[in-house]
Amino acid sequence: MMREVIIATKNKGKASEFQALLAKKGIAVKTLLDFPNSPDVEETGSTFAENARLKAETIADYFQTIVIADDSGLSIDALGGKPGVYSARYAGEEKDDEANIAKVLEEMRGIPFEQRTARFHCALAISVPNGSTTIVEGTCEGYITEVPKGENGFGYDPIFYVPQKEKTMAELTKEEKNKISHRAVALVKLEKQWEQIVNGE
Ligand SMILES: O=c1nc[nH]c2c1ncn2[C@H]1C[C@H](O)[C@@H](COP(=O)(O)OP(=O)(O)OP(=O)(O)O)O1
Ligand SMILES: [Mg+2]
């Protein structure tokens, strides 16, 4: 049984969600925020899965230990799937959540509610050093709001309306988000396979 894992992310919001999700299973989480000198991995893939694989394999190779990477983002139907894999850098390279939200809201202006459908997407890659990489994916369906609402979460959470909760993702507690999010859905799929992955059989 795995007792500790490195999550190949420098995103504080993701780090905090993984810490909560995995603490329940007795697994301690380290992230790249604990290792400021670890390499920056360029996200050159054209899918979430490709980018998750790039991050997991590079960091597993660097630490010679099992690593999980998350590549995720928002896909909006009325924008032809954008911002997609460019979610983090939609308004520029600085990864500015507020600027990204402002750009999306501007592009969505005037589009009626029924046509504001969107989903969060998460690809998780788990990589064993000198071994294999396994990828699982999760999604979470919702609508893009007209104005931001809520203080919790990170990224696009304040403009992502979750119909079954009648709230934005940023109005949910971390516990509530961790029951329904794209990240939680993907992690459940990973858990079903991980004894097999970690033990190599
Ligand atoms: O639950 C979420 N709630 C709101 N927004 C979210 C979520 N999950 C991903 N997102 C957004 C944030 C960022 O704009 C992009 C992820 O980009 P992504 O490259 O995977 O992460 P990142 O660059 O922030 O950190 P890192 O690559 O070190 O893991 O999608
Ligand atoms: Mg990134």
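This report concerns the structure included in the present document. Fair warning: this is a prediction, and the values are worked out from it, not measured in the lab.

Parameters at a glance
Residues numbered from 1 in each chain as written. Chains lettered and ligands numbered in written order. Predicted model: local features only at pLDDT ≥ 70, side-chain atom pairs only at ≥ 80, totals over all residues. Heavy atoms only, no water. Pairing = 2+ DSSP bridges. Helix = DSSP H or I, 4+ residues; strand = E, 2+ residues; numbered from the N terminus. Contact = heavy atoms within 4.5 Å. Axes fitted to C-alpha atoms, helices over the stretch in contact; angles between N-to-C directions. Near = heavy atom within 4 Å. Polar contact = N/O pair within 3.5 Å; in protein donor to acceptor, adjacent residues only side chain to side chain. Nonpolar A, V, L, I, M, F, W, Y, C, P; charged D, E, K, R; others polar. Patch = residues over 30% accessible without salt bridge, like charges linked within 9 Å, V, L, I, M, F, W, Y side chains within 5 Å. Areas by Shrake-Rupley, 256 points an atom, 1.4 Å probe, with all protein chains shown as cover. Salt bridge = Lys/Arg side-chain N within 4 Å of Asp/Glu carboxyl O. Lys, Arg positive; Asp, Glu negative; His and termini not counted. Charge placed at Lys NZ, Arg CZ, Asp CG, Glu CD. Buried < 20%, exposed > 50% of the residue type's maximum accessible area, 1.4 Å probe, protein only. Right-handed = clockwise from strand over helix to strand, strands pointing away.

Describing the sheet that holds strand β4 (residues 117-127)
- Overall, mixed pairing links the seven strands, which are arranged β2-β1-β3-β4-β5-β6-β7 in an open sheet. Edge strands, defined here as strands with exactly one partner in the open sheet, are β2 (28-31) and β7 (167-168).
- As paired strands, strand β1 (residues 4-7) and strand β3 (residues 67-76) are joined by two bridges and run parallel to one another. Within β3, the residue paired with Ile 6 across the bridge is Val 67.
- Of the strands in this sheet, β1, β3, β4 and β5 (133-144) are in contact with helix α2 (residues 48-63), which crosses β3 at around 160°.

Side note on the site of ligand 1
- Around ligand 1 sit 21 residues in total, of which Thr 9, Lys 14, Lys 55, Asp 157 and Lys 177 are the nearest.
- Between ligand 1 and Ser 87, the relevant distance is 3.3 Å, taken from an oxygen atom to a main-chain nitrogen or oxygen of the residue.
- Taking Tyr 156, its main chain carries an N or O atom lying 3.1 Å from a nitrogen atom of ligand 1.
- The set of elements that each furnish at least two residues to the shell around ligand 1 consists of β3 and α5 (182-199).
- Element by element, the count of residues in the shell around ligand 1 is highest for β3, at four residues.
- Looking at the shell around ligand 1 residue by residue, the class counts come to four nonpolar, seven polar and ten charged.

A word on the environment of Ser 87
- Within the element layout of this structure, Ser 87 appears in the loop between β3 and α3 (97-107).
- When the C-alpha positions of Ser 87 and Asn 100 are compared, they lie 7.7 Å apart, and in sequence the two are 13 residues distant.
- Within the local environment of Ser 87, its side chain forms a polar contact with the backbone oxygen of Gly 84, the two atoms lying 2.6 Å apart.

Side note on the side chain of Ser 75
- With respect to the secondary-structure elements, Ser 75 resides in strand β3.
- Only 3.3 Å separates the side chain of Ser 75 from the backbone oxygen of Gly 81, close enough to count as a polar contact.
- Residues within four places of Ser 75 in sequence aside, it is in contact with Gly 81, Lys 82, Ala 118 and Arg 119.

Some thoughts on a positive patch on the surface
- Judged by side-chain charge, Lys 24, Lys 165, Lys 167 and Lys 179 come together as a positively charged surface patch.
- Looking at the element boundaries, Lys 179 is found in helix α4 (residues 174-180).
- Look at Lys 179 and you get exposed, because its relative accessible area is 67%.

Re the side chain of Thr 145
- Mapped onto the elements of the fold, Thr 145 is located in the loop between β5 and β6 (160-162).
- Residue class for Thr 145 comes out buried when judged on its relative accessible area of 15%.
- Every residue in contact with Thr 145, bar those within four places of it in the chain, is listed here: Leu 105, Arg 116, Pro 158, Ile 159, Tyr 161 and Thr 168.

A short note on the pairing of β1
- As paired elements, β1 and β2 share four bridges and run parallel to each other. Note that in β2 the partner of Ile 6 across the bridge is Lys 30.
- A crossover links β1 with its parallel partner β2, the connecting element being helix α1 (residues 12-23), and its sense is right-handed.

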